[in-house]
Amino acid sequence: MKIPITRPYFDDAEKTAMVKPLESGWVVQGPNVAEFERLFAEYTGAAHALATSSCTTALHLALATLEVQPGDEVIVPAFTFVATANVVEYQGARPVFVDIELRTFNTTAEQIEARIADRTKAIIPVSLFGLSVDMNPIMRLAKRQGLFVVEDAACAVGARYNGRHAGTLAHLAAFSFHPRKVITTAEGGMVITQDASWAADIAARRSHGGTVSDLERHKKGAFALPEHDVLGYNYRMTDLQGALGVAQMKKLNWIVERRRTLAHRYDEALRGLEGVQTPYVPAGTIHTYQSYVLLISKDARLSRDILAQELLARGISVRQGTHAVHLQGYYRHKYDLRPEDFPNSLYADRHSLTLPLFPTMTDDEQGFVIEQVCALMR
Ligand SMILES: Cc1ncc(COP(=O)(O)O)c(C=O)c1O
């Protein structure tokens, strides 16, 4: 049996949806993107949702609109995908790394507070693997210190924190629709915010800084190009992707439920294995298990790397959870960072393991993964 790490869930709804922009000829950001944004805002409870070409560009737009600039520092977890830190570099600012908690793989307000300095302008807490970061203390800290909070909610579509959708407590939040994520538009991202002026600024910056979108100009029949008052980019989502997004939104509740059911079956089967930590879910959160990540400690029968190789040899795709950014060459060299500077991030880099989990995974496929992990680790 060959089991992939993930498999996007598409059916006839996506195929039908993709045909519409092809037939109308409107394939760049247009009516489907607008509908996807409307559905996403409604689903999350955000006042504004702005689709982008990826979560990386969504995060970059969030920092650009907050005018993060050279001389500023932005606090970023050391254990996250490299893009979280890269966007700070795009603005010429300095990412200041902070360690994580091993139980949740997320960072805490106390850890962040210790890294705040005079130049700190913003914090990017990450809701990793589909578990919301503990936002209330972070927002209280940010308010006390006059800092902006941009949540990296790349993995957190469908995740909840005290009844609120992930990302809605932050000033701005960014989501990813890469195929490894909960829903997908191939590449794609979304910024949400409650603030109308940031939303308008981001709408302009994602489209070269133009004050009026192509769709609005088309509707009004305007011949003149819009004004360009801010530095913009081409970070637009195409309407083909927007159509995919609309179709995926209709499946989202089912996808989240299915992911949670599969995760609970893994929990039950793997919880008792010596040296194997299953995902921790704090009270008041709903985890979407965008990635189902184990921590394989030194007490386990096999090391993480040996277990991973054995599973791969049996046709089961596995990955490390994510990487520690401070171990990546660009950051290591530029900021002279050592592995032990962020011990929990280093540990998570070396000991985390993602098991396959996707909504169309069959009971037999999951049963095979469980059987193999148990046989190897018991
Ligand atoms: C935590 C985190 N942030 C940002 C990103 C970047 O997302 P995208 O690939 O949509 O740019 C990812 C993607 O893996 C991620 O996991």
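All figures in this text were calculated on a predicted structure; none of them were measured in a lab.

Calculation rules
Residues numbered from 1 in each chain as written. Predicted model: local features only at pLDDT ≥ 70, side-chain atom pairs only at ≥ 80, totals over all residues. Heavy atoms only, no water. Axes fitted to C-alpha atoms, helices over the stretch in contact; angles between N-to-C directions. Helix = DSSP H or I, 4+ residues; strand = E, 2+ residues; numbered from the N terminus. Parallel < 35°, antiparallel > 145°, perpendicular 65-115°, else oblique. Left-handed = near helix turned anticlockwise from the far one by under 90°. Contact = heavy atoms within 4.5 Å. Nonpolar A, V, L, I, M, F, W, Y, C, P; charged D, E, K, R; others polar. Polar contact = N/O pair within 3.5 Å; in protein donor to acceptor, adjacent residues only side chain to side chain. Near = heavy atom within 4 Å. Areas by Shrake-Rupley, 256 points an atom, 1.4 Å probe, with all protein chains shown as cover. Patch = residues over 30% accessible without salt bridge, like charges linked within 9 Å, V, L, I, M, F, W, Y side chains within 5 Å. Salt bridge = Lys/Arg side-chain N within 4 Å of Asp/Glu carboxyl O. Buried < 20%, exposed > 50% of the residue type's maximum accessible area, 1.4 Å probe, protein only.

A. Structural detail: the packing of helix H10 (residues 252–270) against helix H14 (residues 363–377). Contact pair H10 / H14: the axes reach a minimum separation of 10 Å and the direction vectors enclose 25°. When the axes of H10 and H14 are compared, the pair comes out roughly parallel. Relative to H14, H10 is oriented so that their crossing is right-handed. Contacts between H10 and H14 involve Arg258, Leu262, Arg265, Tyr266, Ala269 and Leu270 from the former and Asp363, Gln366, Gly367, Val369, Ile370, Val373 and Cys374 from the latter. Here the contact of H10 with H14 is composed, by residue class, of eight nonpolar, two polar and three charged.

B. Looking closely at the environment of Arg164. As for its position among the elements, Arg164 is in strand S7 (residues 164–165). Sequence-distant contacts of Arg164, defined by excluding residues within four places in its chain, comprise Ala159 and Leu169. A distance of 3.0 Å separates a polar side-chain atom of Arg164 from the backbone oxygen of Thr168.

C. Fine view of the site of the ligand. By nearness alone, 15 residues border the ligand, and Cys55, Thr56, Asp152, Ser176 and Lys181 come closest of all. Taking Asp152, its side chain carries an N or O atom lying 2.7 Å from a nitrogen atom of the ligand. With respect to the ligand, the side chain of Lys181 contributes an N or O atom lying 2.8 Å from an oxygen atom. A total of 390 Å² of accessible area belongs to the ligand in isolation, and the protein chains cover 88% of it. Of all the elements in the fold, those that place two or more residues in the shell around the ligand are helix H3 (55–65) and helix H4 (83–90). Looking at the shell around the ligand residue by residue, the class counts come to seven nonpolar, six polar and two charged.

D. Representation of a nonpolar patch on the surface. A contiguous nonpolar surface patch, about 240 Å² in accessible area, is contributed by Leu22, Val27 and Val28. Here Leu22 lies in helix H1 (residues 12–24). Taking the relative accessible area as the measure of exposure, Leu22 reaches 56% and is therefore exposed.

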